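Chain and residue survey
Each chain is listed here by its residues.
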Amino acid sequence: MTSLEDRIQQLEDREQIRELTTRYCHAVAAADAATIVGLFCEDGIFSSGGRTTQGKPALDKFYTRLAEQPPIPFIQNHVIDELAGDQARGRCSAEIRMVQDGESVTTAGWYDDHFRRVDGEWKFAERNFHVFHMVPLSQGWAG
Amino acid sequence: MTSLEDRIQQLEDREQIRELTTRYCHAVAAADAATIVGLFCEDGIFSSGGRTTQGKPALDKFYTRLAEQPPIPFIQNHVIDELAGDQARGRCSAEIRMVQDGESVTTAGWYDDHFRRVDGEWKFAERNFHVFHMVPLSQGWAG
Amino acid sequence: MTSLEDRIQQLEDREQIRELTTRYCHAVAAADAATIVGLFCEDGIFSSGGRTTQGKPALDKFYTRLAEQPPIPFIQNHVIDELAGDQARGRCSAEIRMVQDGESVTTAGWYDDHFRRVDGEWKFAERNFHVFHMVPLSQGWAG
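Residues numbered from 1 in each chain as written. Chains lettered and ligands numbered in written order. Predicted model: local features only at pLDDT ≥ 70, side-chain atom pairs only at ≥ 80, totals over all residues. Heavy atoms only, no water.

**Details of the relation of the copies chain B and chain A**
Note on the copies: chain B fits chain A at an RMSD of 0.0 Å, the axial shift is 0.0 Å, and the rotation between them is 120°. Such a combination of rotation and displacement between the chain copies is what one expects of a three-fold axis. (Least-squares fit on C-alpha atoms with pLDDT ≥ 70 in both.)

See below:
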């Protein structure tokens, strides 16, 4: 039997984890690399398309470069599949508006996220981004 | 006066109902018909554009066919309008990326959902999808 | 030390505030100006692009005109940055599908929202909409 306090704590954890992914979006769109990196654990990982970036110095370099032409991510369909103590795992979908080589690019994909609570705050331990498609808007996602 | 436990239960119910709609999206994008059908009640209904599909065998057929060319749904603007015991009703908006006849199609619409708790788990009793527009990306939604 | 009841209240407040922004979307897409205006405080403000509309009569005029060609907003990335008593502040992102001069227009932006609880219900005290871009779909957001 879970105590009332534990149930409240779980709800608060879910709220904080969901907000972590949304804070990420706002910081990416605002080209605010320092805030983005602060959402990761010290040994945090971002991986996408076979490329892995680990640790705050590497993440800082990665997001600082990204911020030169900031994408605008829209994260949704958030689900928390596991939540146990200071560890959690979730998924969310993303639509991302980007500019590449002067062209409007639209991306659809989803994140497989691992979260860890550090000093009372939920952080990204690992973000794995899976791309459904990343295509010029003028071309579309068919074919 | 609602007890603290009842208030926690309501928050947990809302959380589970919201996650039900997001699990649906992930399963649709993953072309996982079995998981989608498992989110419905035995006598669950999906209806859209005057066409109604009811019951797990019919839903299984419907979503198996859909999975041949899986749409990518993004569900958002979730609101739970009623929640009473094991019944609930809500609305959410959807942007959906589809491919039809080799063409990129973009859809905007909203779901009118009825939820029922079965053996402690929230399920779709009825999903009614209302389309704002379903148009080729190259054409747009004007006119 | 926050009491259990206060923690539950905070979770409920967050839930209601989040739903306020989603109800707004449904009402905008449904061209339901009366419902939109009812989500604002008596002295509520909507501002965007240097133009400010304040008070229910002015908001009613503004949203009634908007409803002639209703945009379809998709709000996401919701975060509540401050919550203290009957005041709160949050941010959310928006993708909006519009029609302007017979053309499909796509908008990306974010809301800086101030909320106030009035007679037990959370309302918009102030919505400030910041546009990333508002462009014809046929043209895209690059350049």
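Now that the structure has been shown, we can carry on.
**So, the side chain of glutamate 19 of chain A**
When you line up the elements, glutamate 19 of chain A lands in helix H1 (residues 4-29). In terms of polar contacts, glutamate 19 of chain A uses its side chain to reach the backbone amide nitrogen of isoleucine 80 of chain C, at 2.7 Å. Excluding residues within four positions of it along the chain, glutamate 19 of chain A makes contact with Arg14, His78, Val79 and Ile80 of chain C. (Helix = DSSP H or I, 4+ residues; strand = E, 2+ residues; numbered from the N terminus. Polar contact = N/O pair within 3.5 Å; in protein donor to acceptor, adjacent residues only side chain to side chain. Contact = heavy atoms within 4.5 Å.)

**Digging into the interface of chain B and chain A**
One frequent convention defines the size of an interface as the accessible area lost when the parts assemble. Taken together, the 29 residues of chain B in the interface contact 27 residues of chain A. Together chain B and chain A conceal approximately 2400 Å² of surface at their shared face, both sides included; 55% is due to carbon and sulfur atoms. Of all residues in chain B, His26, Phe74 and Arg97 of chain B bury the most surface against chain A, accounting for 29% of the area lost on that side. Where chain B packs against chain A, one counts seven salt bridges. Here glutamate 15 of chain B makes a salt bridge to arginine 18 of chain A, at a shortest N to O gap of 3.1 Å. Taken together, the links from chain B to chain A amount to 19 residue pairs in polar contact (both at pLDDT 80 or more). Only helix H1 (4-29), strand E3 (72-84), strand E4 (87-100) and strand E5 (103-118) of chain B provide two or more residues apiece to the side of chain B that touches chain A. Per-class residue counts for the side of chain B that touches chain A are 13 nonpolar, seven polar and nine charged. (Buried area = accessible area lost by both parts, 1.4 Å probe. Salt bridge = Lys/Arg side-chain N within 4 Å of Asp/Glu carboxyl O. Nonpolar A, V, L, I, M, F, W, Y, C, P; charged D, E, K, R; others polar.)

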